[in-house]
Amino acid sequence: MKLKKNVPLFLILVTTVICIGALIYFQYPRYLPVSLVLRDSCQALEKKQMSECHRKKMEKKFANGGTESALRYIQHVTFGSQTSGECHTLMHALGRVSYLAEPDIIVHLQKSLGYCTGGYLHGALEEYLLVVPPGELEVRASTTCSSLTELGLSTRSFECLHGLGHALMYAYDNELMLSLKACDSIVEEWAQKICYFGVFMENSYEHIGANRYVGPTTIQYIDENNPIYPCNSVEKKYQSSCYSFPGNSYLLEQIKKRGLIFKGLTYDDYRNAFAVCLSVKEEEYRLRCIRGITVYIYITHPKNVAHQRGVCELLADTEERAVCFQHLARMINRYDTKNTGRAKNFCTSLEATFQDACVDAYENWWYESLDKGTMNGSDSYDTYPFAEFDWK
C-alpha cells in the first residue's frame, strides 16, 4: 500500500525532471556539456563540412519559417554563444539569403539583428555589393551607410561602415587596394577609418586560408613569414587601421599550421604574438597591435579571468601591460550583454596600480556620444569598430 501511495509522487518527480531537461536541451543548450548535446546530424562531420551542413539547414529554416526560424536554429547549434565563430559565419549567411529574398539594403540596415557580432549586417552588405558592377562600387560605398543618419539610426552607422569594409573585400575578391580605395570615396575621415578597419580585418583572416565566405581567391595581401605585412607597405593614412592586426595574423597562422582551434592557443603563442607587436618601432602602432590581440584573449576564454589576466601579464612593460588590461576590460564589458559586472570583476582582480585605469577604460568610453543601450543588450555588434576608436 505504501508503494502505491508513493507512485504518483514518483511519477510527478520523473515528469518534472524530464520537462526541465527538455527545456534546458532545447532552449538553453549552452548550459550543458557539448558531449551531452547532439545538436543535429551536422555535428558528426568534420569542421568545414559541419559548417556547410549548418549553413544549408539554416537556409532551409529561413525558406520555411523566415528570419526568426533561422535565428532560432543558429542559436541552438551554437549553444547561444555570441562570440562563437560558427555563429558569426552563420549570421553572415543569414544576412545574404535575407537580402536575396528582399533586395532592399535599407530594410536590412534597419533590422536590429546585431546577434553574434554583426554578422547579419555584414552578410547583407556583402550580397548587396556583390551584384554591383565594379565601376559603381565606390559610389555605393560612399552613400550606403550615410543613409542610416537620415533614418535616425546614426549609432548603427559605425557597424555598417565596418561591415562595409568586409563587404568590399567580398565584392573585390579580397583585392585589398581596390577595397581601400572604395573606402576613400566616403566623405568623412572618421568613417573612412572604420571602413579601412573592416578591410584589414578581412585581409587578416586570409592567414587561415581562402576568404571565409566566398571560397578561393586569386589575390592575397599576406605573407605567412611576415605578419606585419602589408602594414609596412601601404600609405600612411591606412597604417593606423592596419597595425591592429599583425599580432592576430601571427595567431591565425599558428591555428592554420598546427590545425588548432582558438582555445588551443598557448601562452607561448601569445608571447610570440606580442613579440610581433613589439617589433613595430612606432609606439602608436605598437600599442594598437597589442590592443588587437585582446579579441582572441577574450573569445578563447571569455569567463576565465585568471587566463585573461595571465596573457596580458606576459608583457613586461608597464604601459603595454596596462593597455592590454584596459582594452580587454572594454572587450569583456562589450559582451557582457546581461550587465553582470564581469569587466569590474576583471579589473578588481588586477594589481592595485592597474585597477582605476582599467575601470575608467570601460566606464568612460563611448557613452558621451553614444547611447549605451543601443550598443549593448541584445545587440552584440562587432567589438572592433567601437573598441578601436575614442568616440568622445
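Check the entry above for the structure.
Since the model is a prediction, treat every value here as computed from it, not as a measurement. (Residues numbered from 1 in each chain as written. Predicted model: local features only at pLDDT ≥ 70, side-chain atom pairs only at ≥ 80, totals over all residues. Heavy atoms only, no water.)

(A) Quick look at the packing of helix 5 (residues 115-130) against helix 8 (residues 157-171). Where helix 5 meets helix 8, the axes come as close as 8 Å, and the angle between the chain directions of the two elements is 45°. Between helix 5 and helix 8, the crossing angle belongs to the class labelled oblique. Pair helix 5 / helix 8 crosses with right-handed handedness. Contacts from Thr117, Gly118, Leu121, His122, Leu125, Glu126, Glu127, Leu129 and Leu130 in helix 5 reach Glu159, Cys160, His162, Gly163, Leu164, His166, Ala167, Leu168, Tyr170 and Ala171 in helix 8. (Axes fitted to C-alpha atoms, helices over the stretch in contact; angles between N-to-C directions. Helix = DSSP H or I, 4+ residues; strand = E, 2+ residues; numbered from the N terminus. Parallel < 35°, antiparallel > 145°, perpendicular 65-115°, else oblique. Left-handed = near helix turned anticlockwise from the far one by under 90°. Contact = heavy atoms within 4.5 Å.)

(B) Spatial organisation of the packing of aromatic side chains. A full pass over the atoms with the stated rule returns 6 aromatic pairs. When the centroid spacing of 5.1 Å and the interplanar angle of 75° are considered together, the rings of Phe325 and Phe354 count as edge-to-face. With Phe325 in helix 16 (residues 318-335) and Phe354 in helix 18 (residues 352-363), the pair connects residues that are 29 residues apart, well separated along the chain. One exposure class covers both Phe325 and Phe354, and it is buried. Through a chain of ring-to-ring contacts, three or more aromatic side chains come together here, namely Phe325, Phe346 and Phe354. (Phe/Tyr/Trp six-rings, centres within 6.5 Å; stacked < 30°, edge-to-face > 60°. Buried < 20%, exposed > 50% of the residue type's maximum accessible area, 1.4 Å probe, protein only.)

(C) Up close: the state of the cysteines. Summed over the entire model, instances satisfying the criterion amount to 7 disulfides. A sulfur-sulfur separation of 2.0 Å characterises the disulfide bridge that pairs Cys183 with Cys195. Of note, the bridge from Cys183 to Cys195 carries an S-S torsion of about -65° and is left-handed in sense. With a gap of 12 residues between them, Cys183 in helix 9 (residues 176-184) and Cys195 in helix 10 (residues 189-204) connect regions that are remote in the sequence. Relative accessible area serves as the criterion here: at 0%, Cys183 is assigned to the buried category. Linked covalently through their sulfurs, Cys231 and Cys242 form a disulfide whose S-S length is 2.1 Å. With the S-S dihedral at roughly -85°, the linkage between Cys231 and Cys242 falls on the left-handed side. One end of the pair, Cys231, is in the loop between helix 10 and helix 11 (236-242); the other, Cys242, is in helix 11, and 11 residues separate them in sequence. (Disulfide = S-S within 2.5 Å.)

Interpretation in functional terms is not warranted from these geometric data alone.
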